[in-house]
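# Architecture and fold: a report
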Amino acid sequence: MQEKKLSLLRFCYNHMMQDMIGPQGVSREEIVIMESRVAKAAKSLEDKRGEMAWRDLPYSQDDVVEDIIKTASDINNNFDHFVLLGIGGSALGPLAVHRAMKPTYYNELSKEDRKGPKMFVEDNIDPDRIKSLLDVLDIKRTVFCVISKSGATAETMAQTMIISQMLKETYYGDIGKHFIMITDQEKGNLNIIAKKENCKTFHIPRGVGGRFSQLSSVGLLPAAVCGIDIKMLLKGAAAMDKQCASEDVWKNPAGMGALLQVQYMKKGRNISVMMPYIDGFRYIADWYAQLWAESLGKRIDNDGYVVFSGQTPVKSLGVTDQHSQLQLYVEGPHDKVITFIRTDKFRNDFTIPNAYPEIDDISFLGGHTLSELINVEQESTEFALYKAGRPSQTIYLPEISEYTLGQLLYFFELETAFVGELLNINAFDQPGVEESKNAAYAVLGKAGFEEKRKELSEKEKLNKLLQF
Ligand code: PA5
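Residues numbered from 1 in each chain as written. Predicted model: local features only at pLDDT ≥ 70, side-chain atom pairs only at ≥ 80, totals over all residues. Heavy atoms only, no water.

Two numbers describe how helix H4 (residues 92–101) lies on helix H12 (residues 282–296): the axes approach to 8 Å, and their chain directions differ by 155 degrees. As far as their axial angle goes, H12 and H4 are roughly antiparallel. Judged by the sense of rotation from one axis to the other, the crossing of H4 with H12 is left-handed. For the pair H4 and H12, contact is made by Leu92, Gly93, Leu95, Ala96, Arg99 and Ala100 and by Tyr283, Ile284, Asp286, Trp287 and Gln290, respectively. In terms of residue class, the contact of H4 with H12 is made up of seven nonpolar, two polar and two charged. (Axes fitted to C-alpha atoms, helices over the stretch in contact; angles between N-to-C directions. Helix = DSSP H or I, 4+ residues; strand = E, 2+ residues; numbered from the N terminus. Parallel < 35°, antiparallel > 145°, perpendicular 65-115°, else oblique. Left-handed = near helix turned anticlockwise from the far one by under 90°. Contact = heavy atoms within 4.5 Å. Nonpolar A, V, L, I, M, F, W, Y, C, P; charged D, E, K, R; others polar.)

Put into structure tokens, the structure is as follows:
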């Protein structure tokens, strides 16, 4: 039997170029000047592949994938609710993939139609939200998947401690089968807890940071539990890796994407708007926002110079935000680059009936499909931006599938790494986030944070409490 031809996504950057949008655009000459820097970045990323284990996740997990598929099937047979406890890189990827691949109202479907447990991604600690979650769970039919690379994040650990106590009160101690832990390979508290409670554990390989972990067990287990084909997700990522293997920027989509964004940063376009025209991809924009913000927002470069680098990501949704944000994008400050994501083929479609032929103002819609309408709206937005000389680029998914989604995720991860190289910054640390985490530990009395506590009390002395 002939294997189905698998489709590759297309990255179209015409509307980023001067030829198309005029003086605000990037010229061919600018790209030519940067060609050797992109080649150097590609080589450097290839040389560092060993320390960047996230690059090899599409290839390195055969045994883990089988274990994940088996665990997912056990969960499916034994539980009705799957609750992910995690935050940041430990939550945004799983949420994005779930919402991209599953129906919008997945949790409202019957168990037969869902083909998986109800899914909850709990990435906040607002007590009202936790109470609201507990109100809808049957704890006896719930598995809690705790995801924390460090095993130290206060929010996730607090949630874990609350749930663990609650389960113990329900089961008089034996709670192992209600917990799954996903954490660092060797270190961290979750390994200790997993051992104590006898829980199934998956490990995040060294060299896979939180926001680059979606293609590890962090993202794969929650996806597999809901019947998402994780092998195809990884296959898609591998296809994108191959597509971006060249040192020649004209043959490397991630390298070209990165170069263009860097050029625009130099021109003062410090905002990157991610605007999918696929409703289920709104959380892909959220995931991208973290990837772009935490990776590129850096005070110093690799040589110690103060650079204050970065580009603020803004999540936007077509068509919804056409009716709230677009006015600003078209006529506001020249500080944005817009990225559209669209698909040639939605999983469903509706033909708009000519229900009121006598009303000229709306009868023109009759006979068109909703997929046609949403894509025409995207092209019209692109046109409005073009007319105003504003840059935009479009990623076309031939269809919405695990294969195209895997490509998309890997594309953004690699593009981010390329920008890191071009800006000469460390795209893989997050000292700003650590500062805030450490301050919280100090205030709450964690041992080893006494110095931080002193620093905080010095700041308090300056606080004049100016308020109404
Ligand atoms: O990308 C990152 O490294 C962060 O966003 C982390 O994912 C986030 O802070 C949660 O950390 P952890 O997974 O260690 O609990």
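Having seen it, we continue.
By nearness alone, 14 residues border the ligand, and Ser90, Ser148, Ser150, Thr153 and Gln290 come closest of all. One nitrogen or oxygen atom from the side chain of serine 90 is found 2.7 Å from an oxygen atom belonging to the ligand. At 2.5 Å, a side-chain N or O of threonine 153 approaches an oxygen atom of the ligand. Burial of the ligand by the surrounding chains reaches 92%, relative to a free accessible area of 380 Å². (Near = heavy atom within 4 Å. Polar contact = N/O pair within 3.5 Å; in protein donor to acceptor, adjacent residues only side chain to side chain. Areas by Shrake-Rupley, 256 points an atom, 1.4 Å probe, with all protein chains shown as cover.)

Read across the open sheet, the five strands follow the order S1-S12-S11-S7-S10; overall the sheet is mixed. Two strands in the sheet have a free side with no partner beyond their single neighbour: strand S1 (10–12) and strand S10 (312–315). Shown here is a sheet whose adjacent strand axes are inclined to one another by a mean of 20 degrees, direction ignored. Relative to strand S12 (residues 392–397), strand S11 (residues 336–343) is paired through six bridges, and the arrangement is parallel. The residue bridging arginine 342 from the neighbouring strand is tyrosine 396, located in S12. Contacting S1, strand S7 (271–276), S11 and S12, helix H16 (residues 402–423) crosses the sheet at an angle of about 150 degrees to S12. (Pairing = 2+ DSSP bridges.)

Moving on, we come to the environment of methionine 265. Positionally, methionine 265 belongs in helix H11 (residues 253–266). Expressed as a C-alpha distance, the spacing of methionine 265 and isoleucine 338, which sit 73 residues apart in the sequence, is 13 Å. Those residues within four positions of methionine 265 in sequence are excluded, and the remaining contacts are Asn270, Trp292, Leu296, Gly310, Gln311, Val419 and Leu423.

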